[in-house]
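Coordinates in review
For reference, the chains in residue letters:
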Amino acid sequence: MASVALLWFGEHMSAVPLRNNKAAFSAVRSVTVLGATGSIGDSTMDLLRAAPGLYRVEALTGNSNVRGLASLAREFDARFVAIADPSRLVELKEALAGTRTECGAGESAIIEAAARPADWVMAAVSGAAGLKPALAAVDRGATVALANKECLVCAGDFFMQRAQKAGACILPADSEHNALFQALGSGNREELVRVIITASGGPFRTWDPADIEQATLAQALKHPNWSMGQKITIDSASMMNKGLEVIEAAYLFSLTPDQIDVLVHPQSIVHGMVEFSDQSVVAQLGAPDMRIPIAHCLGWPDRISKGPAARLDLAKIGQLTFEEPDFERFPALRLAYESLRTGRGATTVFNAANEVAVAAFIAGQIKFGAIARLVEATLEAWIRSGNLAPLESADDAIAVDHKARNKAASLLPQIALKAS
Ligand code: NDP
Ligand code: MG
């Protein structure tokens, strides 16, 4: 299995590999997709579908979508499928009757899926629930395409250290981080000045604060460029997603908060840039289609011959524009930097409070503008309570995550009542 690269990162050893760090993959690469029934799962399965004979599916997982999971298992002849909701096991077994696919249910079955011997694992469960399964893949030294940013935000340092220790390769699948991963290869660690991740600005980019405060769920779900799952689409509208991505970049590439900048780029064509000491800026461009960064991870360290996404036509797009982010109208981004600077579990609290806030917004319990207020109030309460401490294990991270969720839930009624 792949070893950890030392060259680019020098003494800042990382589990994010170099291109020349060849992984020992099987001739037919075996693949597991955690979160196969979601948006990233769908893009991944589409890439597998477009390359018959090159990949074999070891395991697929979902949360409650039995029909979608069973249909994928049949199509790809998966060896194992796991559904997180234990009450759906009988239904899943019935849906797969007559096939050779084994079935499991519950969190332990999702972890089992991740632990099975696949060469390549897509980690695309949504939310902090993705942490334990991703760690199960990391611990056996797998090559893991990491879409689930929450598990890095929740357990960052510890996650990367564990990957490094196990000799796992972490391939960044999030489009901005995949862009940085591709651009970073143009120089050495010592020559890096900063990285820039772009943000579309979401559906409320030009809105007044009063309108953002009152935005409805339907409005928040209308992303101008990307088609994604519900939670990340809402996070994009609040710019919480960019905040999570700043933290994700810090942990993935061992960067300080000052080395990470955000630029709003409404066309979502340039995904990430790296500035080097000679003032060269190296960027990665592509259509806003997650199949492109996922294809890069799937083919890595080579490139797949032809992906199913549309080719980039810059003449047709005409203009690429960039703006500074607005930290006032989108406080989520400010809170992300603050929690990253605070460290010691603050990013775990940031993520947990946001998950609670987004669920409350979807349930109609709070206004859109209250999402960031709940996150801020939870962070403040956490810091005041003196609970900050380094996270040394997955259990530490999960304990902080649970406590922060409880704290956020307890603050919810007063945040819901408070006008902006
Ligand atoms: P979706 O909501 O579309 O899919 C989530 C997947 O995880 C589904 O398969 C879902 O199952 C499963 N799932 C949800 N909860 C659990 C649980 N508790 N235990 C086990 N499985 C669960 O999300 P996305 O595909 O949009 O996003 C997945 C991850 O990738 C997120 O972390 C997101 O931030 C990240 N990401 C997504 C991008 C995108 O374009 N969508 C871009 C970059 C990163 P079921 O279908 O049965 O509910
Ligand atoms: Mg992204």
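The structure presented is a predicted model; accordingly, all values stated were derived computationally and were not measured.

**Digging into the pairing of strand S3 (residues 80–83)**
The side-chain alternation of S3 yields two buried faces, one formed by Phe-80 and Ala-82 and the other by Val-81 and Ile-83. As judged from the four bridges shared by strand S2 (residues 55–62) and S3, these two strands associate in the parallel manner. Considered in S3, the bridge of Gly-62 is made with Ile-83. At this point the chain moves from S2, through helix H2 (residues 66–76), to the parallel S3, and the crossover so formed is right-handed. With four bridges joining them, S3 and strand S4 (residues 102–105) adopt parallel strand pairing. If you follow Phe-80 over to S4, its bridge partner there is Glu-102. Where the polypeptide runs from S3 across helix H3 (residues 89–95) and back to S4, its parallel neighbour, the crossover connection is right-handed.

**Here we look at helix H7 (residues 175–184)**
Judged by how many residues are buried, H7 sits mostly within the fold: nine of 10 residues are covered. Along H7, the positions that sit buried rather than exposed are Ser-175, Glu-176, His-177, Asn-178, Ala-179, Leu-180, Phe-181, Ala-183 and Leu-184. Where H7 is buried, its residues meet strand S7 (169–172), strand S8 (192–199), helix H11 (240–253), strand S10 (270–276), strand S11 (281–285) and helix H12 (291–299).

**A short note on the side chain of Thr-61**
Along the chain, the position of Thr-61 falls in strand S2. For Thr-61, the side chain forms a polar contact with the main-chain nitrogen of Gly-35, separated by 2.9 Å. Setting aside chain neighbours within four positions, we find Thr-61 in contact with Val-33, Leu-34, Gly-35, Ala-36, Thr-37, Leu-69, Ala-82, Ile-110 and Ala-113.

**Considering the pattern of salt bridges**
For the structure shown, the criterion picks out 29 salt bridges. Glu-58 serves as the salt-bridge partner of Arg-79, at 3.9 Å between the closest nitrogen and oxygen. Of this pair, Arg-79 sits in the loop between H2 and S3 while Glu-58 sits in strand S2, and the two are 21 residues apart along the sequence. Glu-176 is the salt-bridge partner of Lys-242, the closest N and O atoms lying 2.8 Å from each other. Placement of the pair is Lys-242 in helix H11 and Glu-176 in helix H7, with a sequence separation of 66 residues. We note that Lys-242, like Glu-176, is buried. Salt bridges here are not isolated pairs; linked through shared partners, they connect Arg-56, Glu-58, Arg-79, Glu-102, Glu-112 and Arg-116.

**Some thoughts on the coordination of the magnesium ion (ligand 2)**
With distances of 2.1 to 2.2 Å, the protein atoms coordinating the magnesium ion (ligand 2) are Asp-174 (OD), Glu-176 (OE) and Glu-245 (OE). On the basis of relative accessibility, which here comes to 6%, the residue Asp-174 falls in the buried class.

**A few points about the sheet that holds S4**
Strand order in the open sheet made by the seven strands is S4-S3-S2-S1-S5-S6-S7, with parallel pairing throughout. In this open sheet, the two edge strands, each paired with only one partner strand, are S4 and S7. With strand direction ignored, the average angle separating the axes of adjacent strands in the sheet is 20 degrees. As defined by bridge partners, strand S6 (residues 143–146) adjoins S7 across four bridges and the pair is classed as parallel. Residue Val-144 lies in a different strand from S7, and its bridge partner there is Ile-170. Helix H4 (residues 107–115) contacts strand S1 (29–34), S2, S3 and S4 of the sheet and is inclined by roughly 145 degrees relative to S3.

**Comments concerning the nonpolar core**
Membership of the largest hydrophobic core comes to 139 residues, with the highest contact counts inside it found for Leu-60, Met-122, Phe-159, Ile-170, Phe-350 and Phe-368. Here this core gets 10 residues from one element, more than from any other, and that element is helix H15 (residues 346–362). The residues touching Phe-159, leaving out its near neighbours within four places in the chain, are Leu-131, Ala-134, Leu-135, Val-138, Leu-146, Cys-151, Leu-152 and Ile-170.

**Description of the site of ligand 1**
In the vicinity of ligand 1, 24 residues are found, and the nearest of them are Thr-37, Asn-63, Ser-64, Asn-65 and Glu-150. Within the contact set of ligand 1, an oxygen atom lies 3.4 Å away from a backbone nitrogen or oxygen of Ser-126. Look at ligand 1: alone it shows 890 Å² of surface, and the protein chains cover 84% of it. Within the residue set of the shell around ligand 1, elements represented by two or more residues are helix H1 (39–49) and helix H6 (149–166). Broken down by class, the residue content of the shell around ligand 1 amounts to 10 nonpolar, 11 polar and three charged.

**As for the sheet that holds S10**
With mixed pairing, four strands are arranged side by side in an open sheet as S9-S8-S10-S11. Since the sheet does not close on itself, it has two edges, and those belong to strand S9 (260–264) and S11, each with one partner. Within the sheet, the average angular offset between the axes of one strand and its neighbour, ignoring direction, is 20 degrees. Relative to S9, S8 runs parallel, the two being bridged by five bridges. If you follow Val-195 over to S9, its bridge partner there is Ile-260. Most of the contacts of H7 go to S10, to which it runs at about 35 degrees, and overall it touches S8, S10 and S11.

**Some words on the packing of aromatic side chains**
The tally for this structure, following the rule as stated, stands at four aromatic pairs. With centroids separated by 4.4 Å and ring planes inclined at 45 degrees, the aromatic side chains of Phe-204 and Trp-207 adopt a geometry described as tilted. Looking at Trp-207, the relative accessible area reads 23%, which means it is partly exposed. Ring centres of Phe-204 and Phe-368 lie 5.1 Å apart, and the angle between their planes is 80 degrees; this geometry places the pair in the edge-to-face category. Residue Phe-204 is found in the loop between S8 and helix H8 (209–214), and its partner Phe-368 is found in the loop between H15 and helix H16 (370–384); the two are separated by 164 residues along the sequence. A single burial state applies to Phe-204 and to Phe-368, both of which are buried. Members of the aromatic cluster, connected to one another through ring pairs, are Phe-204, Trp-207, Phe-361 and Phe-368.

Each value, and the rule that gives it
- Residues numbered from 1 in each chain as written.
- Chains lettered and ligands numbered in written order.
- Predicted model: local features only at pLDDT ≥ 70, side-chain atom pairs only at ≥ 80, totals over all residues.
- Heavy atoms only, no water.
- Buried < 20%, exposed > 50% of the residue type's maximum accessible area, 1.4 Å probe, protein only.
- Helix = DSSP H or I, 4+ residues; strand = E, 2+ residues; numbered from the N terminus.
- Pairing = 2+ DSSP bridges.
- Right-handed = clockwise from strand over helix to strand, strands pointing away.
- Contact = heavy atoms within 4.5 Å.
- Polar contact = N/O pair within 3.5 Å; in protein donor to acceptor, adjacent residues only side chain to side chain.
- Salt bridge = Lys/Arg side-chain N within 4 Å of Asp/Glu carboxyl O.
- Donors = N, O, S within 2.8 Å, 3.2 Å for Na, K, Ca; no water.
- Axes fitted to C-alpha atoms, helices over the stretch in contact; angles between N-to-C directions.
- Core = buried A, V, L, I, M, F, W, Y, C linked by side-chain atoms within 4.5 Å.
- Near = heavy atom within 4 Å.
- Areas by Shrake-Rupley, 256 points an atom, 1.4 Å probe, with all protein chains shown as cover.
- Nonpolar A, V, L, I, M, F, W, Y, C, P; charged D, E, K, R; others polar.
- Phe/Tyr/Trp six-rings, centres within 6.5 Å; stacked < 30°, edge-to-face > 60°.

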